[in-house]
Amino acid sequence: MAFGGGAGSVGVHGWGDMKSLTIQVITGRWFVVFASFLIMAAAGATYMFGLYSGDIKSTLGYDQTTLNLLSFFKDMGTNVGVLSGLINELTPPWVVLAIGAILNFFGYFMI
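Remember, it's a predicted structure, so these values are computed and weren't measured experimentally. (Residues numbered from 1 in each chain as written. Predicted model: local features only at pLDDT ≥ 70, side-chain atom pairs only at ≥ 80, totals over all residues. Heavy atoms only, no water.)

Examining the overall build of the protein
Within the protein one finds five helices and zero strands. Counting helices and strands in the order they occur from the N terminus, the protein gives α-α-α-α-α. Counting across all 111 residues of the protein, residues that qualify as buried make up 8%. Carbon and sulfur atoms make up 72% of the accessible area of the protein, which amounts to about 9400 Å² in all. (Helix = DSSP H or I, 4+ residues; strand = E, 2+ residues; numbered from the N terminus. Buried < 20%, exposed > 50% of the residue type's maximum accessible area, 1.4 Å probe, protein only. Areas by Shrake-Rupley, 256 points an atom, 1.4 Å probe, with all protein chains shown as cover.)

A look at the packing of aromatic side chains
Enumeration over the complete set of coordinates arrives at four aromatic pairs. Seen from their ring centres, Phe-49 and Tyr-52 are 5.3 Å apart, and the 80° between their planes marks the pair as edge-to-face. Here Tyr-52 and Phe-49 lie together in helix α3 (residues 49-60), a separation of three residues that amounts to about one turn. Overall, the relative accessible area of 12% leaves Phe-49 in the buried class. (Phe/Tyr/Trp six-rings, centres within 6.5 Å; stacked < 30°, edge-to-face > 60°.)

Thoughts on the packing of α3 against helix α4 (residues 64-90)
At a minimum axis separation of 11 Å, α3 and α4 run at an interaxial angle of 135°. By the angle between their axes, α3 is oblique relative to α4. Crossing of α3 over α4 shows right-handed handedness. Together, Phe-49, Tyr-52, Ser-53, Ile-56 and Lys-57 of α3 and Gln-64, Leu-67, Leu-70, Ser-71 and Lys-74 of α4 make up the contact between the two elements. Within the contact of α3 with α4, the residues separate by chemical class into five nonpolar, three polar and two charged. (Axes fitted to C-alpha atoms, helices over the stretch in contact; angles between N-to-C directions. Parallel < 35°, antiparallel > 145°, perpendicular 65-115°, else oblique. Left-handed = near helix turned anticlockwise from the far one by under 90°. Contact = heavy atoms within 4.5 Å. Nonpolar A, V, L, I, M, F, W, Y, C, P; charged D, E, K, R; others polar.)

Digging into α3
Counted at 1.5 Å a residue, the expected span for α3 with its 12 residues is 16 Å, and the 15 Å between its end C-alpha atoms agrees. Those residues of α3 that sit buried are Phe-49, Ser-53 and Ile-56. Burial along α3 is one-sided: seen end-on, the buried residues are contained in an arc of 65°. Of the residues in α3, the exposed ones pointing more than 90 degrees away from the buried face are Leu-51, Asp-55, Ser-58 and Thr-59. Looking at the buried side of α3, the elements it contacts are α4. Looking at the residues trailing α3, positive phi occurs at Gly-61, about 75°. (Expected span 1.5 Å × (residues − 1). Arc of directions from axis to C-beta.)

Written out as C-alpha cells, the structure reads:
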C-alpha cells in the first residue's frame, strides 16, 4: 500500500511549492495593480474632491467653471498615471522621469 504523503505535506513539493507561489504572487505585476488600487482607495483624495472643492473655491477665488476645469485635470492626471506605468514597463525609468519633468515644467510654465 502506497501513501501520497503524510498529514503535514502540502502539494507535490510540500511547503517549498507554496513559498514559491507566494513569492511569485507578491512580486508579480497584478499585485502592484492591486496594491495601487488599495492605496487609491485608502487615500481617497480623488474620491472626496466634493468635500474640499468649496474650500478651494473660496480660498483661491475660483468660479465654478475654473473649479470644474481643475476637477477635470485632476481626474485626467489620475488616469494618465496608468499610461506612465505602461511606459515604464517598456522603457528605462529615466524616460518616465524625463517625461514627468517636462510635463511638470510646462504645467508650471502655463501658470
